[in-house]
Amino acid sequence: MRYHSFFAQFSLFICLSLSLLISTDCAFAARASEPLNLQIDWPDTWHFSSQGSYFHRIDRRSLAWIAHPWEHASTGDFGALKRMVTIPQTFTPPCTLRFYAADDYAASDWRPKPDDWLGMEQYTGHRFKQVLVDGQVIWESDVADENPPQADGVIHVDLTPYVQPGHPFELILRVFDRHGVDVELDGDLLHIGTTETQAKKPGDPKRFMTHVWWGDVFLEAANTSTVSESVRPLAETVERRHHARRLSSDYGSPMGYEVVLHWDDETEFPSFGYPVRCGISVPPGTIETLEGLRLTGPGQKTVPLQAQVLNHWSDGSVRWILLDFTGYGSKDSAWRLHFSRVGGPSYKPRETVHVDSIENTFTIHNPYYEFEIGGSNTRLIDSLFLTDEHRPALHDLGCLITLANGSTYLGQWDTFNVLEHGPQRASVRLTGKMQSLLNEDSFGRFEAELVAVSSSPALELKYRIYNDSAETIEIETFTLMADVPRYGNTDLRLLPHETLYHLPGRTLSHITQPEVDAFALEIAGQAQTQGKKFEGFVEHRSENGALLWGIKDFWQQFPKRIEFTSFGVSLDMFARPAGGDPYRMVPGEAKTHRILIGVLPMDISSEDANLLAQCFQNPPRLFNADWVCRSGGMGYAATVEELVEPGRTALLDYFRDNYKDGDSIPNEPGYGIRDFGDYYYNKEENTWRNNYYDIMKGLSSAYLMTGGGAWFDRLEEVADHYIDVDVIHSPTAKSGQPGLAHHYGKNHTEPGPWAAMLRLGGLVRAWRLSGNRDYRDAALAMADAIIEHRIGIGSGSVRDHAGVLSSMAYAYDETWDRRYLNYAAELVRDAASHIDLRRGTYPEVHGNMNYRGNVPWMNAQLMEPLYLYYRQSGDLLAAQLLVGQAESIITENMTPDVPGDIYGYSHNPHFEKTSGYHILIAPALFYAYELTGDPGILQCAVGAWNQAVQEKTFNSVLNCFWNAPTLLYYLQNTEKDWGIQGGNSDWEPGRANEGQAP
């Protein structure tokens, strides 16, 4: 049973239905070659009777239920639908009864151990599905049998021996308890799993739940060659709307040629400003190039700007722009970005930063300093000079790593690339190996990126190392060191502390952070100060000026040390404390650090140095959440401010009470060089989330909905950790392949990849918001690895298909490379093979091996990328699968006649009902409403949201929260339709565009 042309199937279904002539005795006048249709969704023609707790209803899919709740059942209990039927006198046998039957109970060969987390409630031989003619069973099957899609749900039974043309007979569809659950049969097994919340108590009666669905009952000639397939009635609506309106893969609509931007956090700049880099979206069709792009600051003053296009809409117009400029002024100042369709020159800075090269030597200049690279491949910087001075501020900057076994490795670069030439920002990247000082041995690569901007005395260094070896390496020290000439006495100031510490001559001193809550400064072996958290920035000032040294996230990524020696300065990214463990990098792992080197002339104050350090630790960004939402830059999205009451207040209270605008996340965060940026999955078991259910996408959604800068800080922290520690970088890794990532578990790396967690949407969003190309590279490397290893094909769980399908949708959206779209098409068809298309259900076990049905929060995970892929491809199958799952959730997981009261976590009766996942389920239902215009689906989507608001059960931002902005969009744009009682097949989203996908 498969979808081919839904319209053709449904048309045939209607033609067959017209052959049914309703009369008192249900007699039929038809030719022998015509199938005879008995539709069970006509209550007057079927009658229900029962014994025990059985109940009956007919759902929106024209399927009739005979169900037994999770209660005790006795021998002989039953639920039965019956009606009288007469085969026409003129009909010549043989005759076949054809019908659809499925249930949500199945047997399993798996056997639990006493402490297994999975439960089992297996009662084979107790309950049966049956068809009877005049009281005689002509077909039966244990409810524990295979069900669609594992087995064909369309059953054919030869009626010829049991009926005669012209003679009425009673047709019965029955679920029957041959043995009550109090009767012990061989094979009976009950095990309460550790995840099941409604555990039985000793002495409780045995019980099990069964829902049996019947439908599409036909009488047909045995030799009929053309029959209709069983389809859901709403499928025709989906197909009709598909042909009537083609949704574009682009979102948003034109919004003018100016956007007002605000600082996303409380920002205070040094007097000379601070280099700002941030992404902003542009509505489709607004501009084709960046000619004429202009940025104005306070007082409408035009600001020097360097900009680049990050990606495009499907029509080729610009979608995301990366801005580089110098920020200044107060946190409340409004900035404006002006677009132009007619072009024209963009404003350039008067004082530029640029890269010069002579043979193999490169010089990077800005108004404050210049530095040289190329004299030695063991040096990241040969010499750094203050502008107009001939004395170097530092020279011979390099990296040295010592392992616990005594081996020492020096970074030696072999490739030099200029990434950006200016005029506002210039950056270069050096790549090479960590090379042994004794032999040709190397444990892995390194990458170093140096950034200079036109208006700042700060030099930024990003340094990344990889373990490309086949073994875990144990690092004793990981040090960046530079020779710093000393001219007389110097002073140290630990920022933001104000105390000055005098260093006569070349006095040895160091600041250490051996653990998360302890730091200390020593000078010449004497303790000077100590505290809990050192921010990681030191001003080192002499009569000739000052150097500002800093390591971003210093205390968060302990143990660290900054040391001033007789040779210069050492920045220890890792410094093994006395009695502490080494830094263990597993095969395929990487680690990135961000270092600040401020070259400060005498006229720059310590106050400005402090503000420079603060901006480096918490970079300021311009943002307008409402603009990004309305532009469609992140798909359908809306901010909390646009939400109608009482939802707006409830959601704002949720953010305020639980997160303090992203500064505090209830889930336990990790600290330390490997753990920072990740959150515990289970602290007691020391397991980590590893971007579990795309934490990054959830954090970006919170940023999008609120505009709070702390959310973006958390996003970058998680993204940095993920692309370093969780993603596999080397074929020497013992679990998984390069480009893929480990799922949640111990040590961040033990479990290996899992299709459900290979989600790159959050990385793509982080790239567009930040311009950090490492995020984009990691995202597309994962997409390529998914295709190479055919991840997801053959998966048996809806979330496995969901994870990789989502990644294909985002990879295609980023690149418009049809390889990703083609693989998405394969995944959709593979998912369809696991779906009972008649019910729309993706049946699977969840917590208990005997119950097979919808897991709504997992269904919603697949429904989102099905929608995204459908918008990109126009593949009707994806739309049908999405709507089928929506109908299945509404009918099988929701309290009847209570729209939105969904058992969102599981169909397994051992789990309690919760509305905690409604924030993920509701937008998935809205997708189905958009594709059908069906008011019943709309009522359920709105009802689910209202229930979450009333019960204050919004899921964690770190867990299945990522589609909340889309939910807010639909709530805003469908409010006028909430009271609709009849059909609304012409409904359109408020800002959707029509057109052809690429």
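Residues numbered from 1 in each chain as written. Predicted model: local features only at pLDDT ≥ 70, side-chain atom pairs only at ≥ 80, totals over all residues. Heavy atoms only, no water.

K.L.:
How should the overall build of the protein chain be read in this particular structure?
P.N.:
Looking only at helices and strands, the protein chain features 16 helices and 47 strands. Here the C-alpha atoms of the protein chain give a radius of gyration of 33 Å, agreeing with the 30 Å that 2.2 N^0.38 yields for 998 residues. Across its three principal directions, the C-alpha atoms of the protein chain cover 115 × 65 × 50 Å. Of all 998 residues assigned to the protein chain, the portion counted as buried reaches 63%. (Helix = DSSP H or I, 4+ residues; strand = E, 2+ residues; numbered from the N terminus. Rg over C-alpha atoms; globule rule 2.2 N^0.38 Å. Buried < 20%, exposed > 50% of the residue type's maximum accessible area, 1.4 Å probe, protein only.)

K.L.:
Before we go on, may I ask you to explain the packing of helix α9 (residues 773-788) against helix α11 (residues 818-832) in this structure?
P.N.:
For any two helices packed against each other, one specifies the inter-axial angle together with the distance between the axes. Look at α9 against α11: their axes get within 11 Å of each other, and the N-to-C directions meet at 45°. Viewed along their axes, α9 and α11 adopt a mutual orientation that is oblique. Regarding α9 and α11, the two cross each other, and that crossing is left-handed. Only Arg819, Tyr820 and Tyr823 of α11 make contact with α9, whose side of the interface consists of Leu780, Ala783, Asp784, Ile786 and Ile787. Class assignment for the residues of the contact of α9 with α11 results in six nonpolar, no polar and two charged. (Axes fitted to C-alpha atoms, helices over the stretch in contact; angles between N-to-C directions. Parallel < 35°, antiparallel > 145°, perpendicular 65-115°, else oblique. Left-handed = near helix turned anticlockwise from the far one by under 90°. Contact = heavy atoms within 4.5 Å. Nonpolar A, V, L, I, M, F, W, Y, C, P; charged D, E, K, R; others polar.)

K.L.:
Quick question: what am I supposed to make of the layout of surface pockets here?
P.N.:
By volume, the second largest pocket is sized at about 1,100 Å³. Breaking the lining of the second largest pocket down by element, the ones donating at least two residues are β43 (680-682), β46 (844-845) and α12 (856-873). The residue inventory of the lining of the second largest pocket, partitioned by class, reads 18 nonpolar, twelve polar and six charged. (1 Å grid on protein atoms, 1.4 Å probe; cavity = no way out; pocket = protein on both sides within 12 Å on 5 of 7 lines; lining within 4 Å. Points joined across faces, edges and corners; volume = space filled by probe spheres on them.)

K.L.:
Before we go on, may I ask you to explain the sheet that holds strand β9 (residues 136-142) in this structure?
P.N.:
Pairing between sheet strands relies on hydrogen bonds along the backbone, with the strands arranged either parallel or antiparallel. Pairing in this open sheet of five strands is antiparallel, and the strands run β2-β5-β11-β8-β9 from one edge to the other. What marks the edges here is a single partner per strand, and that holds for β2 (47-51) and β9. Going across the sheet, the axis of each strand differs from the next one's by a mean of 20°, ignoring polarity. Across eight bridges, strand β5 (residues 78-85) lies against strand β11 (residues 169-177) in antiparallel orientation. Paired with Met84 across the bridge in β11 is Glu170. (Pairing = 2+ DSSP bridges.)

K.L.:
Please explain unusual backbone geometry as it appears in this structure.
P.N.:
Trans peptide bonds make up the majority, and among non-glycine residues the majority have a negative phi. Geometrically, the link from Leu495 to Pro496 is a cis peptide bond, its omega value of 5° lying close to zero. Inspection of the secondary structure assignment puts Pro496 in the loop between β31 (490-495) and β32 (500-503). Here Asp897, not a glycine, exhibits a phi torsion of approximately 65°, which is positive. With respect to the element layout, Asp897 can be found in the loop between α13 (876-892) and α14 (918-932). Classification of Asp897 as exposed rests on a relative accessible area of 77%. In this model, Cys960 sits at a positive phi of 60°, which is unusual for a non-glycine residue. You can see Cys960 is positioned in the loop between α15 (935-951) and α16 (964-974).

K.L.:
I'm lost on the sheet that holds strand β18 (residues 305-312) in this one. Help?
P.N.:
Taken in spatial order, the three strands of this open sheet run β15-β19-β18, and their pairing is antiparallel. Bordering the open sheet on either side are β15 (274-281) and β18, each of which pairs with just one other strand. Put simply, the sheet's adjacent strands are angled 20° from each other on average, direction ignored. The pairing of β15 with strand β19 (residues 318-327) spans eight bridges and is antiparallel. Looking at β19, one finds that Arg277 is bridged to Asp324.

K.L.:
Help me out: how do you make sense of empty space enclosed by the protein in this one?
P.N.:
To find leftover empty space, a probe the size of one water molecule is rolled over the atoms. Applying the stated rule across the entire model yields eleven cavities of 30 Å³ or more. For the largest cavity, the lining is made up of 22 residues, of which Tyr251, Met634, Gly635, Tyr810 and Leu868 are closest to its centre. Counting only elements with at least two residues in the lining of the largest cavity, the list comes to α8 (761-770), α10 (798-815) and α12. A total of five residues in the lining of the largest cavity trace back to one element, the largest contributor, which is α12. A per-class count over the lining of the largest cavity returns nine nonpolar, seven polar and six charged.

K.L.:
What am I meant to see in the pairing of strand β3 (residues 55-58) here?
P.N.:
Put simply, side chains in a regular strand alternate between the two faces of the sheet. Pairing between β3 and strand β4 (residues 64-68): four bridges, direction antiparallel. Bridging from a neighbouring strand, Phe55 pairs with Ala67 of β4. Counted along the chain from β3 to the antiparallel partner β4, the turn is five residues long, and its residue Ser62 has a positive phi close to 60°.

K.L.:
Got a minute to help me understand the pairing of strand β34 (residues 518-523) in this structure?
P.N.:
Burial of the side chains of β34 is restricted to one face: Phe519, Leu521 and Ile523 are buried, whereas none of Ala518, Ala520 and Glu522 on the reverse face is. Joining the antiparallel neighbours strand β33 (residues 509-515) and β34 is a turn of two residues. Of the pairings in the sheet, the one linking β34 to strand β35 (residues 526-531) comprises five bridges and is antiparallel in character. Bridging from a neighbouring strand, Ala520 pairs with Gln530 of β35. The hairpin turn running from β34 into β35, its antiparallel successor, is two residues long, and Ala524 in that turn takes a positive phi close to 55°.

K.L.:
Help me understand the environment of Tyr681 in this model?
P.N.:
Here Tyr681 shows up in strand β43. When its relative accessible area of 35% is taken as the criterion, Tyr681 is described as partly exposed. Sequence separation between Tyr681 and Asn667 is 14 residues, and the spatial gap between their C-alpha atoms is 8.5 Å. When sequence neighbours within four positions are dropped, the list of residues in contact with Tyr681 reads Thr687, Trp688, Arg689, Tyr692 and Tyr744.

K.L.:
Looking at this structure, how should I read the packing of helix α6 (residues 695-706) against α16?
P.N.:
Following both chains from N to C, one finds α6 and α16 inclined at 40°, their axes separated by 8 Å at the closest point. Looking at the two axes, α6 sits oblique to α16. When α6 is examined against α16, the residues Ser701, Leu704 and Met705 are found in contact with a partner set consisting of Ala964, Pro965 and Leu968. Split by residue class, the contact of α6 with α16 holds five nonpolar, one polar and no charged.

K.L.:
Sorry, what's going on with the nonpolar core here?
P.N.:
Here is a general trend for soluble globular proteins: nonpolar side chains tend to be buried in one another's company. Ranked by internal contacts, the top residues of the largest apolar core, which has 178 residues, are Ile321, Leu323, Phe325, Leu337, Leu651, Phe655 and Tyr867. Per element, the largest residue contribution to this core is eleven residues, and it comes from α14. Those residues in contact with Tyr867 that sit more than four places away from it in its chain are Leu247, Tyr251, Tyr636, Leu882, Tyr927, Glu930, Leu931 and Tyr970. (Core = buried A, V, L, I, M, F, W, Y, C linked by side-chain atoms within 4.5 Å.)

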